[in-house]
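Structural overview for review
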Amino acid sequence: MQTLPLLGSLVLAGSGASQQIWDIWQTTWDRSKLFSSLSPPSPINFVTPGPIGSADIIVNDAVKFQTIAGFGGSLTDSSALVLNNLKSTNSQNYWTLLDHMFSSTYAANAAGLNYIRVTIGASDFSANLYSLDDAIGDTTFSNFNINKVPSYVFSVLKDIRGINSNLKVHIIPWSPPGWMKDSGSMNGGSLQSKYVTAYPTYLLKAVQGFQSQGIAIYAISIQNEPQNNNPTYPTCAMLPAVEALIGAALRTLLDSNGLSTVRVIGYEHNWDDAGVYPVALMQDAGNSFAGVAFHCYAGAVSNQDFFHNSFPAKEIYFSECAGIIGSDWWSDIKWYMNNLWIGSLEHNAKSGLMWNIAADANGNPKLPGTHSCGGAGCRPLVTVNGDGSYTLNQEFYSMAQASKAVIPIDPAGPFGQRIGVSVDGPLNWALRVGVYVISRVSLSDWSQFSIVVMNWADGTNPTPVTATIEFRGMQAKYTFPVGVTTLWWFAPAAGSQASAAMELNATTLGTKGAGTLKAANLTGANETTSKFVSVNSTSTVKGRLT
């Protein structure tokens, strides 16, 4: 049983109000806790500051950065097929899995994942090559057919949307139709120059096609990995100048067809070229693009700053990474947290996505003949077995900890916004920290302040770190085990009358004040139906070949 603070207006008692931590979610390095909800026997109070801990987390909510759009992965044709087969094999497990992954109900035993990429036509994880208009020379796209998308893609997508109404769908082609390319195939090659002016209409029709299926589109990208020209699966090399022309024309078409809210996203490729290709793209057609997206397969996450510093008003999305089957569980989580779920957001990303949402134990099914995801194969968020059981992987558990910190409190409320944080103290190196504020629909309601903390002091003797948390002149203390911990508290919105009163009286509050109003008793089960597999001691992430 979990007791939470009142999610509404609070009447301040006495000279002020104190914040309390009741909600803790945790995944430990030894898997003794797996995205587990911990209910402390008594609240962790913010009190008059005393000595700092071994690490001192200093939260500064006066410094605000980007609002997070969400976390998730790609619902490829293969992912949708695997999940649809699970629905047929074991319907109860299917709905339990989707609910645990995608439900955003407050205090539920769920990650609240809400951001999904969907391919326009075939990718390396499709049963066969297809586009949405394979009629050669059809530059008016009169033969465009959204039903070329396998029906199970729409079926699973609608099931997920039924669980999470905050779902954001981002569509993206791996290749234009083969007849439009110099290779004559969706595999490899480039778009022929004579089709550059026609191609934006194809992309417009893709948006309209998804809309006709009842799927609202949040964003569309012009081309997945435009510097990737692989002849074994759908790819298309595309210069920045060409992508700029297509993006500008598509933006005009979207606006003139009542789709002005659909974002156009550029680049969708690796960190290593962050200061070149996407910068050139914005220089050519910046007014047409909301921003760009990055993948993890080459370069460093800090390279996102090259783009951000050139175009600070443009959005950054982190949209793809994949681990390798058989790599080390905890080493992978450390990499993901450091580089993606904390790191990419530190470098201004609005989203955090992995590659396949689901696959079988071998990372299949894949497009016949593809060289993508070679070796042991790419690991998905969830491995679904033929007998109807499933295993949630390290990609899910690490992402879930971050997602839980930013999902809205109010049904139509905003997602979390990244705020300022620094870490001091002798063991400051041991903690990687991200901090977010979730505002409320009503300004009189208290905001949620969430922190995501990775303790990676995992030497010969993994070391818990007792840390202090400094917030508005008050201090709380918590001992973080080696692993990832997400916790939060409620406080008035910065700048409100209640917030000002709280700060003025910080030194006199101690553990007094309004305390915690036990307005909601919400039960969250900790158990999952996943079955865990052993892994070897080597760690390799970024496994998808490009």
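Report on the accompanying structure. (Residues numbered from 1 in each chain as written. Predicted model: local features only at pLDDT ≥ 70, side-chain atom pairs only at ≥ 80, totals over all residues. Heavy atoms only, no water.)

What about the overall build of the protein?
Secondary structure summary: the protein contains twelve helices and 26 strands in total. Expressed as a percentage of the 546 residues in the protein, the buried residues total 61%. Counting only contacts in the protein whose residues sit at least 6 apart along the sequence, the fraction spanning at least 24 positions is 77%. Counting every atom, the protein has about 18,600 Å² of accessible surface; 52% of that belongs to carbon and sulfur. (Helix = DSSP H or I, 4+ residues; strand = E, 2+ residues; numbered from the N terminus. Buried < 20%, exposed > 50% of the residue type's maximum accessible area, 1.4 Å probe, protein only. Contact = heavy atoms within 4.5 Å. Areas by Shrake-Rupley, 256 points an atom, 1.4 Å probe, with all protein chains shown as cover.)

Quick word on the packing of helix α2 (residues 91–102) against helix α3 (residues 151–163)
It is at 9 Å that the axes of α2 and α3 come closest, and there the two elements cross at 55 degrees. By the angle class used here, α2 and α3 are oblique. Relative to α3, α2 is oriented so that their crossing is right-handed. Contacts from Tyr94, Trp95, Leu98, Asp99 and Phe102 in α2 reach Val156, Asp159, Ile160 and Ile163 in α3. Classifying every residue of the contact of α2 with α3 gives seven nonpolar, no polar and two charged. (Axes fitted to C-alpha atoms, helices over the stretch in contact; angles between N-to-C directions. Parallel < 35°, antiparallel > 145°, perpendicular 65-115°, else oblique. Left-handed = near helix turned anticlockwise from the far one by under 90°. Nonpolar A, V, L, I, M, F, W, Y, C, P; charged D, E, K, R; others polar.)

Re the side chain of Asp133
Positionally, Asp133 belongs in the loop between β8 (115–120) and α3. Lys148 provides the closest opposite charge to the buried, salt-bridge-free Asp133, at an N-O distance of 7.0 Å. A distance of 3.5 Å separates a polar side-chain atom of Asp133 from the backbone nitrogen of Phe144. (Lys, Arg positive; Asp, Glu negative; His and termini not counted. Salt bridge = Lys/Arg side-chain N within 4 Å of Asp/Glu carboxyl O. Polar contact = N/O pair within 3.5 Å; in protein donor to acceptor, adjacent residues only side chain to side chain.)

Here we look at the nonpolar core
Of all hydrophobic cores here, the largest spans 129 residues; its most connected members are Leu75, Met101, Ile171 and Ile220. Here this core spans two domains, since at least three of its residues come from each of domain 1 (20–66 + 412–495) and domain 2 (69–405). For Met101, the residues in contact, after removing those within four places along its chain, are Ala111, Gly112, Leu113, Ile357, Leu381, Val382, Leu392 and Phe396. One finds Ile57, Val433, Val435 and Phe449 within the second-largest nonpolar core, a separate group that totals 29 residues. (Core = buried A, V, L, I, M, F, W, Y, C linked by side-chain atoms within 4.5 Å. Domains from an automatic or database assignment.)

A look at the sheet that holds strand β25 (residues 483–491)
The strand order across the open sheet built from nine strands is β4-β3-β25-β22-β21-β20-β6-β23-β24, with neighbouring strands paired in mixed fashion. Of all the strands in the sheet, the pair left with one neighbour each is β4 (36–38) and β24 (474–480). Shown here is a sheet whose adjacent strand axes are inclined to one another by a mean of 25 degrees, direction ignored. In terms of strand pairing, strand β3 (residues 23–28) meets β25 through six bridges, oriented antiparallel. Directly across from Ile24, in β25, lies its bridge partner Leu487. Along the sheet, helix α8 (residues 329–341) makes contact with β3, β21 (431–438), β22 (447–455) and β25, crossing β22 at roughly 135 degrees. Along the sheet, helix α10 (residues 394–403) contacts β3, β22 and β25; its crossing angle with β3, the most-contacted strand, is approximately 160 degrees. (Pairing = 2+ DSSP bridges.)

Comments concerning α3
For α3, spanning 13 residues, the distance from its first C-alpha to its last is 19 Å, which sits close to the expected 18 Å at 1.5 Å a residue. On its buried face, α3 is in contact with α1 (77–89), α2, β8, β9 (168–173) and α4 (199–212). (Expected span 1.5 Å × (residues − 1).)

Focus: the state of the cysteines
One pass over the structure, following the stated rule, counts two disulfides. Disulfide pairing is shown between Cys296 and Cys321; the S-S distance is 2.1 Å. Given an S-S torsion of about 80 degrees, the disulfide between Cys296 and Cys321 has right-handed geometry. Here Cys296, found in the loop between β12 (291–295) and α7 (304–310), pairs with Cys321, found in the loop between β13 (315–320) and β14 (323–324); they are 25 residues apart in sequence, far enough to count as distant. (Disulfide = S-S within 2.5 Å.)

Overview of the pattern of salt bridges
Taken as a whole and assessed by the stated rule, the structure comprises 13 salt bridges. The residue Arg472 makes a salt bridge to Asp61 at a minimum N-O spacing of 2.8 Å. Placement of Arg472 in the loop between β23 (465–471) and β24 and of Asp61 in strand β6 (residues 55–67) is noted, with a sequence separation of 411 residues between them. According to the relative accessible area criterion, Arg472 is buried, its value standing at 10%. Residue Glu268 is joined to Arg117 by a salt bridge in which the shortest nitrogen-to-oxygen separation is 3.1 Å. Highlighted residues: Glu268 in strand β11 (residues 263–270) and Arg117 in strand β8, separated in sequence by 151 residues. Since its relative accessible area comes to 0%, Glu268 is described here as buried. A cluster of three or more residues bridged by salt bridges with shared partners is formed by Arg117, Glu268 and Glu320.

Examining the environment of Phe210
For Phe210, the location among the structural elements is in helix α4. Considering only alpha carbons, one finds Phe210 and Ile146, 64 residues apart in sequence, at a separation of 7.2 Å. In this structure, Phe210 is in contact with Val118, Thr119, Ile146, Phe154, Ile171, Ile215 and Ile217, ignoring residues within four places of it in sequence.

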